[in-house]
Amino acid sequence: VGVCKQEMLQKKNAVLVDGVILNGPIMDSKAGEKFVEEACKIIMEEIIQKADDVTEKVCEWRAPEALKQILDLEMKDTGESNQKLLQLCRDVIQYSVKTSHPRFFNQLYAGTDYYSLVARFITEALNPSVYTYEVSPVFLLVEEAVIKKMIECIGWEEGDGIFNPGGSVSNMYAMNLARYKFCPDIKEKGLSGLPRLVLFTSEECHYSMKKAASFLGIGTENVCFIKTDERGKMIPEELEIQVQRARKEGSAPFLVCATAGTTVLGAFDPLDKIADICEKYGLWLHVDASWGGSALISRKHCRLLHGIHRQVQFPLTFSVYNFFRADSVAWNPHKMLLAGIQCCALLVKDNSGLLKKCYSAKAAYLFQQDKFYDVSYDTGDKSIQCSRRPDAFKFWLMWKALGTSGLEERLNRALALARYLVEEIKKREGFQLLLEPEYANVCFWYIPPSLRKMEDGPEFWQKLHQVAPIIKERMMKKGSMMLGYQPHQGKVNFFRQVVISPQVSREDMDFLLDEIELLAKDL
């Protein structure tokens, strides 16, 4: 290093400030380009080309302490060689879960969309932040176009929206927006002097509602969880009873959050009846459709979101559009539509600038009003974030590639595969459905041979509770597939299988059932 420094100082016009030579760049661009090229080759060979290969493992399980040793996680004073770094890249890929594998059924996302993937490569390379038109012209226009199209799918005549880092954040946005609509002074004066605010959601709602209430200072005790029926749907009559009770107690109801596609059972709340109650009592209706919102793309399955105000003919994608009665909707295209994590939109029926009024801080160094272009395109002030990723772009490029009909076909096929699996479960001894699914969530128990003749009682359910965790451990250590399980609402551990990826086939459904039987044959 000292020799190089001396050589630099001997050059004509060398400038030294605080002991730092300022002439020329210090990064070797050629070496960097070579590293990127070699790393991209590894990504292509080890991830993309193996994405749909069922002979590959879904995961290469290692315990945490063993994995720490393999990965050499310590950061040192001196840098590593490119060859060492490339090997680390290979190790990271090898020991990571292959979520694009056709037999990854563990979460509410899976598979690979190649157009979305390319879009992510582009945005990672460009490293933009979506807040002002001057620094992100293309991606702001893309987000505007995507939000407009999603609003059309919902069926609103107009609206607003923004992409957020997760459905949990979208739900928090909606909760805060509903509160701001109810009492606009809260933005400047805070919580003091407010009545006790109460919101309502189903006992099957996403846990983000509870977190949002805590984060926003509403308080988890002021979240009223409404009873659900045997299918996991909110009971509207129970909702109205609780709204009336809250009013009699002197509380101030302001929000109802319905769910379109619950996390475990895949249930859709009866939105039309809930909307009637919200209109009757003047409550903001938010629909958490993070999981189920993609059904709006399908003419066959959009009936699941049956919060219809009226029907009207439009010469657009579909012949009939439903006017959705919600005030706001959270919808995550990174789930069923494979847009890539994260891709999550909050859509708002209000088009009067409510989002901006609620969240703007008018930072003078970003949102100058005397710019040389139309500053209405500087949409970043309606976000709680400053830096924000261009998540709409990956959805846009995928939508451009497949068209609405291609997205519709993808969703219809996923639900058809779920239906196939349900029918196969009914045929097989030892498999028992919890309930008939209405979406892609197929929930079932596997009862091993040793338990099949036991009496139905506490001992049977206690033993059955232990079955799913053991099967899960075995499948992960084998690497054959990944399938989620959980206890739920008093029911012992059961499997939740979710079909999403277009790489999944009928053969994969058969394999799933065969593999469970194989892994549990000695239980």
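Quick caveat, the model's predicted, so the values are computed rather than measured.

Engineer: How would you sum up the pairing of strand S16 (residues 491-498)? Please name residues and give values.
Structural biologist: The element S16 is extensively covered by neighbouring structure, given that seven of its eight residues are classed as buried. Bridging between strand S14 (residues 441-446) and S16 involves four bridges; their strand directions are antiparallel. When the bridges of S16 are listed, cysteine 443 appears paired with arginine 496.

Engineer: Give a detailed account of the domain arrangement of the protein, specifying residues and quantitative values.
Structural biologist: What the domain assignment reports for the protein is domain 1 (32-59 + 97-112 + 403-522) and domain 2 (129-309 + 319-389). Averaged C-alpha coordinates put domain 1 and domain 2 at centres separated by 30 Å. Contact with domain 2 buries area across many residues of domain 1, yet Leu108, Glu438 and Tyr439 alone supply 28% of it, more than any other trio. One can count two salt bridges joining domain 1 with domain 2. For glutamate 408, the salt bridge is made with arginine 299, and the minimal N-O distance between the two is 2.9 Å. Summed over the shared surface of domain 1 and domain 2, the result is 14 residue pairs in polar contact (both at pLDDT 80 or more). Broken down by secondary-structure element, the contributors of at least two residues to the side of domain 1 that touches domain 2 are helix H13 (392-427), S14, strand S15 (482-488) and S16. A total of eight residues in the side of domain 1 that touches domain 2 trace back to one element, the largest contributor, which is H13. In the side of domain 1 that touches domain 2, the residues fall into 17 nonpolar, nine polar and five charged.

Engineer: Could you give me a rundown of the environment of histidine 334, with the residues and numbers involved?
Structural biologist: Of note, histidine 334 is situated in the loop between strand S11 (328-331) and strand S12 (344-348). Note on histidine 334: relative accessible area 8%, which makes it buried. Along the backbone, histidine 334 and phenylalanine 393 are 59 residues apart, and their C-alpha atoms lie at a distance of 12 Å. Setting aside anything within four residues of it in sequence, one finds histidine 334 in contact with Tyr109, Ala339, Gly340, Ile341, Gln342, Cys343 and Cys344. Within the local environment of histidine 334, its side chain forms a polar contact with the backbone nitrogen of cysteine 343, the two atoms lying 3.1 Å apart.

Engineer: A description of the layout of surface pockets should follow, citing residues and the corresponding values.
Structural biologist: Of the volumes computed, that of the largest pocket is approximately 930 Å³. Ile47, Val97, Thr99, Ser100 and Thr112 are the residues nearest the centre of the largest pocket, which is lined by 36 residues in total. Residue assignment for the lining of the largest pocket shows that the elements contributing at least two residues are helix H2 (29-48), helix H4 (82-95) and helix H5 (114-126). Per element, the largest residue contribution to the lining of the largest pocket is five residues, and it comes from H5. Of the residues belonging to the lining of the largest pocket, the class tally is 16 nonpolar, nine polar and eleven charged. Mapped onto the domain boundaries, the lining of the largest pocket takes at least three residues apiece from domain 1 (32-59 + 97-112 + 403-522) and domain 2 (129-309 + 319-389).

Engineer: Can you break down the sheet that holds strand S6 (residues 223-226) residue by residue, with the values?
Structural biologist: Hydrogen bonding along the main chain pairs the strands of a sheet, whether they run parallel or antiparallel. One open sheet accounts for seven strands, arranged S4-S12-S11-S8-S7-S5-S6; its pairing is mixed. Only two strands of the sheet have a single partner each, and these edge strands are strand S4 (160-164) and S6. The average angle at which neighbouring strand axes cross in this sheet is 20°, direction not considered. The pairing of strand S7 (residues 252-259) with strand S8 (residues 284-289) spans five bridges and is classified as parallel. Counterpart to leucine 255 in the pairing with S8 is tryptophan 284. Contacts between helix H11 (residues 271-281) and the sheet are confined to S7 and S8, with S8 contributing the most and set at about 155° to the helix.

Engineer: If you had to explain the sheet that holds S15 to someone new, which residues and values would you point to?
Structural biologist: Judged by pairing direction, the sheet is mixed, and its five strands sit side by side in the order S3-S15-S16-S14-S13 without closing on themselves. Where the open sheet ends on each side, the last strands, each with one partner, are strand S3 (104-105) and strand S13 (431-433). Across three bridges, the pairing between S13 and S14 is antiparallel. Counterpart to phenylalanine 431 in the pairing with S14 is tyrosine 446. On top of the sheet, helix H14 (residues 458-465) reaches S14, S15 and S16; it is set at about 40° to S16, its chief contact.

Engineer: Provide a residue-level description of the UniProt feature "modified residue: N6-(pyridoxal phosphate)lysine" (unreviewed entry) in the protein, including the pertinent values.
Structural biologist: The feature "modified residue: N6-(pyridoxal phosphate)lysine" (unreviewed entry), as given by UniProt, occupies Lys335 in the numbering adopted here. Note on placement: lysine 335 falls in the loop between S11 and S12. According to the relative accessible area criterion, lysine 335 is buried, its value standing at 15%. Leaving out residues up to four positions away in the same chain, lysine 335 has contacts with Leu108, Tyr109, Ser290, Trp291 and Ile500.

Engineer: Before we move on, could you go through the pattern of salt bridges and cite the residues and values that matter?
Structural biologist: Considering all chains together, one arrives at 40 salt bridges under this definition. In this structure, aspartate 391 and arginine 389 form a salt bridge, with 3.9 Å as the shortest nitrogen-oxygen distance. Since its relative accessible area comes to 6%, aspartate 391 is described here as buried. A salt bridge links glutamate 517 to arginine 428; the shortest N-O distance between them is 3.2 Å. With glutamate 517 in helix H16 (residues 506-519) and arginine 428 in the loop between H13 and S13, the pair connects residues that are 89 residues apart, well separated along the chain.

Basis of the calculations
Residues numbered from 1 in each chain as written. Predicted model: local features only at pLDDT ≥ 70, side-chain atom pairs only at ≥ 80, totals over all residues. Heavy atoms only, no water. Buried < 20%, exposed > 50% of the residue type's maximum accessible area, 1.4 Å probe, protein only. Helix = DSSP H or I, 4+ residues; strand = E, 2+ residues; numbered from the N terminus. Pairing = 2+ DSSP bridges. Domains from an automatic or database assignment. Buried area = accessible area lost by both parts, 1.4 Å probe. Salt bridge = Lys/Arg side-chain N within 4 Å of Asp/Glu carboxyl O. Polar contact = N/O pair within 3.5 Å; in protein donor to acceptor, adjacent residues only side chain to side chain. Nonpolar A, V, L, I, M, F, W, Y, C, P; charged D, E, K, R; others polar. Contact = heavy atoms within 4.5 Å. 1 Å grid on protein atoms, 1.4 Å probe; cavity = no way out; pocket = protein on both sides within 12 Å on 5 of 7 lines; lining within 4 Å. Points joined across faces, edges and corners; volume = space filled by probe spheres on them. Axes fitted to C-alpha atoms, helices over the stretch in contact; angles between N-to-C directions. UniProt positions renumbered as here; feature names shortened; annotations may be inferred.

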